[in-house]
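# What the coordinates show
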Amino acid sequence: MKEIEEILYSEEVVMQKCRELGERITADYEGELLVVGILKGAVPFMAELIKRIDLPIIIDFMDVSSYEGTTTSGEVRILKDLEFRVEGRDVLIVEDIIDTGLTLSYLTEVLKKRGAKSIEICSLLTKPKRRKVFVDTKYVGFEVDDKFVVGYGMDYNEKYRNLPFVGILSEEVYK
Ligand code: 5GP
Ligand code: MG
Ligand code: MG
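Residues numbered from 1 in each chain as written. Chains lettered and ligands numbered in written order. Predicted model: local features only at pLDDT ≥ 70, side-chain atom pairs only at ≥ 80, totals over all residues. Heavy atoms only, no water.

Heads up, the condition is: UniProt positions are given in the numbering used here, feature names are shortened, and annotations may be inferred rather than shown by experiment.
You'll find the chain entered in an unreviewed UniProt entry as Hypoxanthine phosphoribosyltransferase, with Anaerosphaera aminiphila DSM 21120 given as the organism. UniProt's Function (unreviewed entry) comment on the chain is quoted here verbatim: "Purine salvage pathway enzyme that catalyzes the transfer of the ribosyl-5-phosphate group from 5-phospho-alpha-D-ribose 1-diphosphate (PRPP) to the N9 position of the 6-oxopurines hypoxanthine and guanine to form the corresponding ribonucleotides IMP (inosine 5'-monophosphate) and GMP (guanosine 5'-monophosphate), with the release of PPi."

Put into structure tokens, the structure is as follows:
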């Protein structure tokens, strides 16, 4: 595909990583786990990951929009909230990629206030160099440099989410 400059992680590599993460998560918990996917980017990763978690799990979804306007604090708005109550539950947030960290630091605060027993994050990708706020990410698939990636759920203007790999989008597409 000419819009993709380079394939970073093939489907096989992502699937192998999901197996590893699933085994770690399975070993780390006992009993029921509430797995929360952040729409829409986390969907393909989460679909693969949950098949590798050998625990009684419940899945739920949240949709958020983030604004990085004039303030550096960032503002996050909940567009779709959870169906389940998180009070007293072990919660695992599943995300596609962590960039500034603003979305997840906000969300973990929200879920903490709602009384979750524990909150951990599992992200397919992270861009550590771009971080503005610290987020404690226990489960991470891969670290990427500051390049715009698409595929495996991640979009550019809502496109490319269906690519079965993670790749770098050619600059020509957004120039
Ligand atoms: P942040 O961590 O800055 O609050 O936001 C992370 C969100 O920004 C991700 O969930 C994703 O939707 C979007 N994002 C950050 N970096 C990239 C990227 O390289 N490619 C794509 N497609 N989305 C990104
Ligand atoms: Mg996302
Ligand atoms: Mg997006």
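There's plenty left to go through after this.
## As for the packing of aromatic side chains
As a reminder, the rule being used: Paired rings are identified among Phe, Tyr and Trp, the last through its six-membered ring, by centres lying within 6.5 Å, and are further divided according to the angle between planes into stacked (under 30 degrees), edge-to-face (over 60) and tilted (the rest). Secondary structure counts use DSSP, requiring at least four H or I residues in a row for a helix and at least two E residues in a row for a strand, with both numbered from the N terminus. The cut-offs for exposure are 20% and 50% of the maximum accessible area for each residue type, with area from a 1.4 Å probe on protein chains only; residues under the lower value are buried, those over the upper are exposed, and the others partly exposed.
Per the stated rule, a full pass over the model turns up 4 aromatic pairs. For the ring pair Tyr9 and Phe142, a centre distance of 3.9 Å and an interplane angle of 15° mean the geometry is stacked. With Tyr9 in strand E1 (residues 4-9) and Phe142 in strand E7 (residues 139-143), this pair connects stretches of sequence that are 133 residues apart. A ring pair is formed by Tyr156 and Tyr174, whose centres lie 5.8 Å apart and whose planes are at 50°; its orientation type is tilted. You can see Tyr156 sitting in the loop between strand E8 (149-150) and strand E9 (166-169) and its partner Tyr174 sitting in helix H4 (residues 171-174), a full 18 residues away along the chain. Residue classification places Tyr156 among the partly exposed positions, given a relative accessible area of 23%. Judged by its relative accessible area of 36%, Tyr174 is partly exposed.

## Considering helix H2 (residues 43-50)
Just so we agree on the cut-off: Here the arc refers to the set of directions running from the helix axis out to each C-beta atom.
Here H2 has its buried residues at Phe45, Met46, Glu48 and Leu49. Down the axis of H2, the buried set is contained in an arc of 165°. They therefore lie on one face.

## With respect to the sheet that holds E1
As a reminder of what qualifies: Between any two strands, pairing holds if DSSP finds at least two bridges.
Here 3 strands make up an open sheet; going across it, the order is E1-E9-E8 and the pairing antiparallel. Strands at the two margins of the open sheet, each flanked by one partner only, are E1 and E8. Judged from the 2 bridges that link them, E8 and E9 form a sheet pairing that is antiparallel. Note that in E9 the partner of Val149 across the bridge is Ile168.

## What about the site of ligand 1?
For the record, the criterion: We call a residue near a molecule or strand when any one of its heavy atoms sits within 4 Å of it. Distance and chemistry together define a polar contact, namely a pair of N or O atoms within 3.5 Å, with one atom able to donate a hydrogen and the other to accept it when in protein, and with adjacent residues in sequence counting only for side-chain atoms on both sides. Per-residue and other accessible areas were derived by the Shrake-Rupley procedure at a 1.4 Å probe size, with only the shown protein chains allowed to occlude residues. Cavities and pockets were defined on a 1 Å grid built over protein atoms only: a cavity is a set of grid points that admits a 1.4 Å probe from which the probe cannot escape, a pocket is an open set flanked by protein on both sides within 12 Å along at least five of seven lines, and lining residues are those with an atom within 4 Å of any such point. Think of it this way: if more than half of a molecule's atoms are within 2 Å of a pocket's grid points, that molecule is in the pocket or cavity. Put simply, Ala, Val, Leu, Ile, Met, Phe, Trp, Tyr, Cys and Pro go in the nonpolar bin, Asp, Glu, Lys and Arg in the charged bin, and everything else, Gly too, in the polar bin.
The environment of ligand 1 is made up of 15 residues, and the closest members are Thr100, Thr103, Lys127, Val149 and Asp155. Within the backbone of Asp99, one N or O atom sits 2.9 Å away from an oxygen atom of ligand 1. A distance of 3.4 Å separates an oxygen atom of ligand 1 from a polar atom in the backbone of Leu102. A total of 510 Å² of accessible area belongs to ligand 1 in isolation, and the protein chains cover 83% of it. In this structure the site holding ligand 1 corresponds to the largest pocket. Counting only elements with at least two residues in the shell around ligand 1, the list comes to strand E5 (90-98) and helix H3 (102-113). Per element, the largest residue contribution to the shell around ligand 1 is 4 residues, and it comes from E5. Here the residues of the shell around ligand 1 are counted per class, giving 6 nonpolar, 3 polar and 6 charged.

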